[in-house]
Amino acid sequence: MLYEAIQFLTTPCSSAARKLGYLSQAIALEARYKRCRFGWSLHLKNSQELIREAIAQCPGQRKAVVLGSGLLLDIPIEDLSADFEQVDLIDIVHLRAARRRVQKFHNVHLIETDITGVVQELARLKGTMTGYTDAGPPEKSWPQPYCDDQLFEGADLVISANILSQLPLLPEEYLTSLGCENSKAIDKYGRSIINHHLKLLKHLDCMVCFIADVERCILSKPKPSKNENLLYGVKPLIAAHSWMWNIAPAPEVDRMTHVHHRVVGGIIPPGKE
Ligand SMILES: C[S@@+](CC[C@H](N)C(=O)[O-])C[C@H]1O[C@@H](n2cnc3c(N)ncnc32)[C@H](O)[C@@H]1O
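In this text, all values refer to a predicted model and were calculated from it rather than measured experimentally. (Residues numbered from 1 in each chain as written. Predicted model: local features only at pLDDT ≥ 70, side-chain atom pairs only at ≥ 80, totals over all residues. Heavy atoms only, no water.)

(A) Spatial organisation of the overall build of the chain. A tally of regular secondary structure across the chain gives eight helices and eight strands. Its C-alpha atoms put the chain at 55 × 50 × 40 Å along the principal axes. Relative to all contacts within the chain whose residues are 6 or more apart in sequence, the contacts with residues 24 or more apart total 71%. Approximately 13,900 Å² of the chain is accessible, and the part contributed by carbon and sulfur atoms is 53%. Computing the positive centroid from 31 side-chain charges and the negative centroid from 31, the chain places the two 5 Å apart. (Helix = DSSP H or I, 4+ residues; strand = E, 2+ residues; numbered from the N terminus. Contact = heavy atoms within 4.5 Å. Areas by Shrake-Rupley, 256 points an atom, 1.4 Å probe, with all protein chains shown as cover. Lys, Arg positive; Asp, Glu negative; His and termini not counted. Charge placed at Lys NZ, Arg CZ, Asp CG, Glu CD.)

Structure follows, in structure tokens:
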């Protein structure tokens, strides 16, 4: 608890990202990983293997960009550093352990930025609440997703590392916390964030390695299992590989419940949409 509180106070993170909950979420993710390490191991191994395959197939060795580097659990950082002149690790927040781990690699850079481009503007919406009804800020004031192309300049390999399903979650939660009750509009907004990330990856002129969780399966005996699409029904970029991530093994939720995510992924060579 104390360690988590210290991380919260000392981790460099933009005030908008703090306000929307990205720092707390990263700290909670790290704590969950410590509790569920065994259940996560196959997923992390599969993700790393797919990234290694992309590294081996990649025709250029100048720059690799990782989107959603986070805790660096699924990123084979040694291999990336050895194979590329420059490695940019992009996430809205990097905790102490990730910062420490990259210190020894002269060519690995941590970049803290929001790849949806909506976080800062959403955080400002609160100040404009006066005069609004309980419905929260109007839909037309919700920022549209945007990502700076410069992040990908000179890249030979871009890795979208288990980030896609996460992108709409905190923006949606924040809108709800501001009083937005139109769940259809919020879903549409979440879908636009997902589509924006997929479109961005599709238009890159370099190799892309894509990994994303797409479906939640809740197994809670004796109830029948429940499945939920994590991408609002949007088709993932590629699903050449697929595996299950035992994200919350019992007793994480309760003694009878296991939560699994279906993860898909693949490698798209340069020039192929
Ligand atoms: C499930 S984690 C990915 C796991 C990560 N690859 C690892 O090995 O630890 C999702 C990551 O997406 C990041 N993220 C979520 N929304 C983001 C945004 N708008 N911009 C940048 N990163 C974001 C989170 O901070 C988190 O680190």
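The discussion continues.
(B) Fine view of the site of the ligand. The local shell around the ligand holds 20 residues, among which Gly68, Leu73, Asp74, Asp91 and Asp114 are the closest. Measuring from a nitrogen atom of the ligand, one finds a backbone N or O atom of glycine 68 at 2.7 Å. Leucine 72 places a main-chain nitrogen or oxygen 3.4 Å from an oxygen atom of the ligand. Within the complex, 95% of the 600 Å² of free accessible area of the ligand lies under protein. (Near = heavy atom within 4 Å. Polar contact = N/O pair within 3.5 Å; in protein donor to acceptor, adjacent residues only side chain to side chain.)

(C) Looking closely at the packing of helix α1 (residues 2–10) against helix α3 (residues 22–57). Orientation of α1 relative to α3, taken along the N-to-C sense of each, is 150°, at an axis distance of 10 Å. The orientation of α1 relative to α3 falls into the category roughly antiparallel. Regarding α1 and α3, the two cross each other, and that crossing is right-handed. Here Tyr3, Glu4, Gln7 and Phe8 of α1 come into contact with α3, specifically with Leu23, Ser24, Ile27, Glu30, Ala31 and Lys34. (Axes fitted to C-alpha atoms, helices over the stretch in contact; angles between N-to-C directions. Parallel < 35°, antiparallel > 145°, perpendicular 65-115°, else oblique. Left-handed = near helix turned anticlockwise from the far one by under 90°.)

(D) View of the side chain of serine 47. Along the chain, the position of serine 47 falls in helix α3. Judged by relative accessible area, serine 47 falls into the buried class, the value being 0%. Polar contacts involving the side chain of serine 47 include one to the side chain of asparagine 162, which spans 3.5 Å. In contact with serine 47, not counting residues within four places along its chain, are Asp74, Asn162, Ile211 and Trp243. (Buried < 20%, exposed > 50% of the residue type's maximum accessible area, 1.4 Å probe, protein only.)

(E) Examining the environment of serine 81 more closely. On the secondary structure map, serine 81 appears in helix α4 (residues 77–83). Given the relative accessible area of 13%, serine 81 is considered buried. Along the chain, serine 81 and asparagine 107 lie 26 residues apart, while their C-alpha atoms are 6.5 Å from each other. Leaving out residues up to four positions away in the same chain, serine 81 has contacts with Val87, Phe105, Asn107 and Val108. At a separation of 2.8 Å, a polar atom in the side chain of serine 81 contacts the side chain of asparagine 107.

(F) Representation of the pairing of strand β5 (residues 207–220). The element β5 is extensively covered by neighbouring structure, given that ten of its 14 residues are classed as buried. In this sheet, β5 lies alongside strand β4 (residues 157–161) in parallel orientation, the contact comprising five bridges. Across the sheet, residue isoleucine 159 finds its bridge partner in β5, namely cysteine 209. Two elements, β5 and strand β8 (residues 257–268), share twelve bridges in a ladder whose sense is antiparallel. Bridging across to β8, isoleucine 218 finds its partner in valine 259. Two strands pair when backbone bridges link them, and β5 and strand β6 (residues 226–229) are joined in this way by four bridges, in the antiparallel orientation. Bridge pairing in β6 links isoleucine 218 to lysine 226. Counting the residues that bridge the hairpin from β5 to β6 gives five residues. (Pairing = 2+ DSSP bridges.)

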